[in-house]
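Residue-level listing of the chains:
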Amino acid sequence: EQKNELESSTWIAEMSRNRFSQLFEGMPIACFTYDTEGTVFEWNHRAVEQFGFSPLSAMGRKVWDLMGPTLVGDAERARLLRVFQDVPFVDEMWADGTRSFLVGGLPLRGRDGAITGGILSAVDVTEQRRAQAKIAQQFVELEDAHLLLSVRGERPIREPVLHAADACDQLLHLLVPAVEG
């Protein structure tokens, strides 16, 4: 009977590992696991697409080396490591001047409940940020046009412009809720 229980427990553990592996690899966002030193252990296919390193070349390297020192500066590095003090984080904006990501990190726990690693997810919101910047620029241009019309004594268009700007702002916050100007 003990042998059957052991076999059953082993089978359940293997199924759990297999499910986690499939879930992790199939995530539509960049994800990876890391240890207390910031060393990567697992690196999914979206991380390959986002950061250009194969899983084999990513394993054993530091997170900040893979994502880039501009994207993962001192503050972000500290944030990654605070996960090991049981301080998870979600929807933090990390940007390097070219790309922008919404990032979240959670602790991973062993059987005894002790934190054994961290998992990080990074959603590329670069295009949303560009759209937000473009809309902001267009709003400035509309405001300038409004001032010019007012100076000329022509009918101001301020109210329709403000209404359109509010609608655009609401749309942007639906696309990227945690991104602030």
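Described below are features of the structure shown in this document.

Cut-offs applied
Residues numbered from 1 in each chain as written. Predicted model: local features only at pLDDT ≥ 70, side-chain atom pairs only at ≥ 80, totals over all residues. Heavy atoms only, no water. Helix = DSSP H or I, 4+ residues; strand = E, 2+ residues; numbered from the N terminus. Contact = heavy atoms within 4.5 Å. Areas by Shrake-Rupley, 256 points an atom, 1.4 Å probe, with all protein chains shown as cover. Buried < 20%, exposed > 50% of the residue type's maximum accessible area, 1.4 Å probe, protein only. Phe/Tyr/Trp six-rings, centres within 6.5 Å; stacked < 30°, edge-to-face > 60°. Core = buried A, V, L, I, M, F, W, Y, C linked by side-chain atoms within 4.5 Å. Pairing = 2+ DSSP bridges. Axes fitted to C-alpha atoms, helices over the stretch in contact; angles between N-to-C directions. Polar contact = N/O pair within 3.5 Å; in protein donor to acceptor, adjacent residues only side chain to side chain.

1. Observations concerning the overall build of the protein
- Along the protein, the regular secondary structure elements total seven helices and five strands.
- Helices and strands in the protein line up, N terminus first, as α-β-β-α-α-α-α-β-β-β-α-α.
- Taking the contacts inside the protein whose residues are at least 6 apart along the sequence as the reference set, 39% of them involve residues at least 24 apart.
- With the model as given, the accessible surface of the protein reaches about 11,500 Å², and the carbon-plus-sulfur share is 56%.

2. Examining the side chain of Ser100
- Secondary-structure assignment places Ser100 in strand S4 (residues 100-109).
- In this structure Ser100 comes out as buried when scored by relative accessible area, which is 10%.
- Those residues in contact with Ser100 that sit more than four places away from it in its chain are Met93, Trp94, Ala95, Val123, Asp124, Val125, Thr126 and Arg129.

3. Re the packing of aromatic side chains
- Under the definition given, this model contains six aromatic pairs.
- Plain terms: the ring middles of Phe32 and Trp43 are 5.1 Å apart, the flat faces sit at 35° to each other, and that makes the pair tilted. Highlighted residues: Phe32 in strand S1 (residues 30-34) and Trp43 in strand S2 (residues 40-43), separated in sequence by eleven residues.
- For the ring pair Tyr34 and Phe84, a centre distance of 5.7 Å and an interplane angle of 85° mean the geometry is edge-to-face. With Tyr34 in strand S1 and Phe84 in the loop between helix H5 (74-82) and strand S3 (89-95), this pair connects stretches of sequence that are 50 residues apart.

4. Regarding the nonpolar core
- Membership of the largest hydrophobic core comes to 23 residues, with the highest contact counts inside it found for Met67, Trp94 and Leu120.
- The set of elements that each furnish at least two residues to this core consists of S1, S2, helix H2 (45-51), helix H4 (63-67), S3, S4 and strand S5 (115-124).
- A total of four residues in this core trace back to one element, the largest contributor, which is H4.
- Sequence-distant contacts of Trp94, that is, excluding residues within four places in its chain, are made with Met67, Leu71, Val72, Glu76, Arg79, Leu80, Phe89, Arg99, Ser100, Phe101, Val103 and Leu120.

5. Notes on the pairing of S2
- Looking at chain direction, S1 and S2 are connected through three bridges and run antiparallel. What sits directly across from Tyr34, in S2, is Val40.
- Joining the antiparallel neighbours S1 and S2 is a turn of five residues, in which Gly38 adopts a positive phi near 85°.

6. Quick word on the sheet that holds S2
- Spatially, S2-S1-S5-S4-S3 is the arrangement adopted by the five strands of the open sheet, whose pairing is antiparallel. Across the chains shown, the open sheet's two edge strands, defined by having one partner strand only, are S2 and S3. When the angles between neighbouring strand axes are averaged without regard to direction, this sheet yields 25°.
- Examined bridge by bridge, S1 and S5 share five bridges and lie antiparallel to one another. When the bridges of S5 are listed, Phe32 appears paired with Leu120.
- Here H5 sits on the sheet in contact with S1, S3 and S5, set at roughly 160° to S3.

7. Considering the environment of Asp35
- Checked against the element boundaries, Asp35 lands in the loop between S1 and S2.
- C-alpha of Asp35 to C-alpha of Gly60: the two residues are 25 residues apart in sequence and 9.8 Å apart in space.
- When residues no more than four places from it in sequence are discounted, the contact partners of Asp35 are Phe41, Leu81 and Phe84.
- Within polar-contact distance, the side chain of Asp35 engages the backbone nitrogen of Glu37 at 2.9 Å.
- Of the polar contacts made by the side chain of Asp35, one reaches the backbone nitrogen of Thr39; its length is 2.9 Å.

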